[in-house]
Amino acid sequence: MKSLPLPSLIHYELLLQLLERKTLAMTYEQPVLQEQVERLIVTLRKARAQQKQLEAICEQSYISLEHHWSLNSIDAPRPPLIEPLANSENLRETT
């Protein structure tokens, strides 16, 4: 089996820091918004904890993990390059 792709845990940390330091601070006058942001923070903490549990299960089962920082990876198929419609040489020829 190939390595199991998982998001890097830093992604959760970055989102949590943004929500706790910036977003939550801006909602103090809006209790409904504040409650929704707090729920989102709890949900992200649960997701991070669930991923850690998944990683522990994989480790116990000898399943290798691969943390990803983005969807871009070396082994992913890449779209073909798009050639420019016209370059400077083609423009000179047509004028």
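Residues numbered from 1 in each chain as written. Predicted model: local features only at pLDDT ≥ 70, side-chain atom pairs only at ≥ 80, totals over all residues. Heavy atoms only, no water.

### Overview of the side chain of Glu55
Turning to step 1, where the next piece is worked out: Tracing the backbone shows Glu55 in helix H2 (residues 31-60).
Turning to step 2, where the next piece is worked out: At 7.6 Å, Lys52 is the nearest oppositely charged side chain to Glu55, a buried residue that forms no salt bridge.
Turning to step 3, where the next piece is worked out: Within the structure, Glu55 has its side chain in polar contact with the side chain of His67 (distance 2.8 Å).
Turning to step 4, where the next piece is worked out: Ignoring any residue separated from it by four or fewer positions in sequence, one finds Glu55 in contact with Leu6, Leu9, Leu65 and His67. (Helix = DSSP H or I, 4+ residues; strand = E, 2+ residues; numbered from the N terminus. Buried < 20%, exposed > 50% of the residue type's maximum accessible area, 1.4 Å probe, protein only. Lys, Arg positive; Asp, Glu negative; His and termini not counted. Salt bridge = Lys/Arg side-chain N within 4 Å of Asp/Glu carboxyl O. Polar contact = N/O pair within 3.5 Å; in protein donor to acceptor, adjacent residues only side chain to side chain. Contact = heavy atoms within 4.5 Å.)

### Some thoughts on the pattern of salt bridges
Turning to step 1, where the next piece is worked out: In this structure the tally under the stated criterion is three salt bridges.
Turning to step 2, where the next piece is worked out: Across the salt bridge formed by Arg48 and Glu13, the nearest N and O atoms sit 2.3 Å from each other. A residue pair is termed long-range when its members are at least 10 positions apart, and Arg48 in helix H2 and Glu13 in helix H1 (residues 9-26) qualify at 35 residues.
Turning to step 3, where the next piece is worked out: Exposure remark for Glu13: the relative accessible area of 29% places this residue in the partly exposed category.
Turning to step 4, where the next piece is worked out: Ionic pairing is found between Glu35 and Arg39, a salt bridge with its closest N-O pair at 2.6 Å. One end of the pair is Glu35 and the other is Arg39, both in helix H2 and four residues apart, which spans about a single turn.

### Focus: the environment of Gln17
Turning to step 1, where the next piece is worked out: Within the secondary structure, Gln17 sits in helix H1.
Turning to step 2, where the next piece is worked out: Exposure remark for Gln17: the relative accessible area of 33% places this residue in the partly exposed category.
Turning to step 3, where the next piece is worked out: A sequence separation of 24 residues divides Gln17 from Ile41, and the C-alpha atoms of the two residues are 9.4 Å apart.

### Structural notes on the packing of H1 against H2
How two helices pack is summed up by the angle between their axes together with the distance between the axes.
Turning to step 1, where the next piece is worked out: Where H1 contacts H2, the two axes come as close as 10 Å, and the packing angle between them is 165°. By the angle between their directions, the pair H1 and H2 is classed as roughly antiparallel. Here H1 runs over H2; the crossing is left-handed. Within the contact between the two elements, H1 uses Leu9, Tyr12, Glu13, Leu15, Leu16, Leu19, Glu20, Thr23 and Leu24 and H2 uses Gln34, Val37, Glu38, Leu40, Ile41, Leu44, Arg45, Ala47, Arg48, Gln51, Lys52 and Glu55.
Turning to step 2, where the next piece is worked out: Considered class by class, the residues forming the contact of H1 with H2 number 11 nonpolar, three polar and seven charged. (Axes fitted to C-alpha atoms, helices over the stretch in contact; angles between N-to-C directions. Parallel < 35°, antiparallel > 145°, perpendicular 65-115°, else oblique. Left-handed = near helix turned anticlockwise from the far one by under 90°. Nonpolar A, V, L, I, M, F, W, Y, C, P; charged D, E, K, R; others polar.)

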